[in-house]
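# Survey of secondary and tertiary structure
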Amino acid sequence: MLRIGLAMLQGARHEHEEALLASAMDLELDVEIVYLRSAKDVDETIDALVLPGGESTAMRKASTSEGLLDGIYSWMEHHSNRPVLGTCAGAILLAMPDGSRSPFIRAGISRNAWGRQRQSFEADVAVDLPLHVSSNAKVERTPDEFGHTPLAVDGQSKNEDSSSFPGVFIRAPRFELESVTCDVIARFGNEIVGVMDGSKCAVTFHPELTGDRRFHTWLLQQTTGQAPTN
Ligand code: GLN
């Protein structure tokens, strides 16, 4: 049984859970999603974790009472090989931890550097992830209580190219090109939109809002040691 921690800070947490469970089914893995709400939840039984998007400043503030972020950072320092997927604000938290901690990814990042909320966009990005088996399990999602269908529900990239991934950028940060010294795993034109530093993967878009499960599959494969190294 793999125990995958999900930081309950803000953002699309339940979509991450759905994506992880769909990937686990696809890979025939037993996975338990552990909601991380306070520092004591982030113990050594957690095999990997997801830092969702949201608003990084609010996330930092929200975590102070229960010390969650601090607990997550300590867990990452103690278990540097355990996989972490950080999406959007999660990428910011990996690149810019609080206090005197060293960054967990060797990539500088600028917040809100694509503009304001209404300048959010969707675009195909080119992804190169070390995966053994690709996963595209589709999750059936019914409209919510307001009758709204979730964003990019079928989530398949319009582009036939297998590296193409539907990128959903919501008031996204931007990696600073010259500062990236770890592996690049996602590009949008000349922009770097995803990096991999050892067992940490950080993207500036929201893979959990699409039906393409590649990133969640990577996390699970990396956790079981099934993923090839880059
Ligand atoms: N703008 C947010 C921040 O700076 C990130 C946006 C997101 O996670 N979708 O923290």
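Residues numbered from 1 in each chain as written. Predicted model: local features only at pLDDT ≥ 70, side-chain atom pairs only at ≥ 80, totals over all residues. Heavy atoms only, no water.

## Structural notes on the pairing of strand β4 (residues 84-87)
Of the two faces of β4, the one carrying Val84 and Gly86 and the one carrying Leu85 and Thr87 are both buried. Relative to β4, strand β3 (residues 48-51) is paired through three bridges, and the arrangement is parallel. Bridged to leucine 49 within β4 is valine 84. For β4 and strand β11 (residues 200-203), the ladder comprises four bridges, and the chain directions are parallel. Within β11, the residue paired with valine 84 across the bridge is lysine 200. (Buried < 20%, exposed > 50% of the residue type's maximum accessible area, 1.4 Å probe, protein only. Helix = DSSP H or I, 4+ residues; strand = E, 2+ residues; numbered from the N terminus. Pairing = 2+ DSSP bridges.)

## Some points on the pairing of strand β1 (residues 2-7)
Among the six residues in β1, five count as buried, and that is most of the element. Pairing of β1 with strand β2 (residues 31-36), which is carried by six bridges, proceeds in the parallel orientation. In the sheet register, isoleucine 4 faces β2, and the bridge partner there is isoleucine 33. Read as a crossover between parallel neighbours, the route from β1 over helix α1 (residues 13-27) to β2 is right-handed. (Right-handed = clockwise from strand over helix to strand, strands pointing away.)

From the geometry alone we can't say anything about function, so treat these as descriptive.
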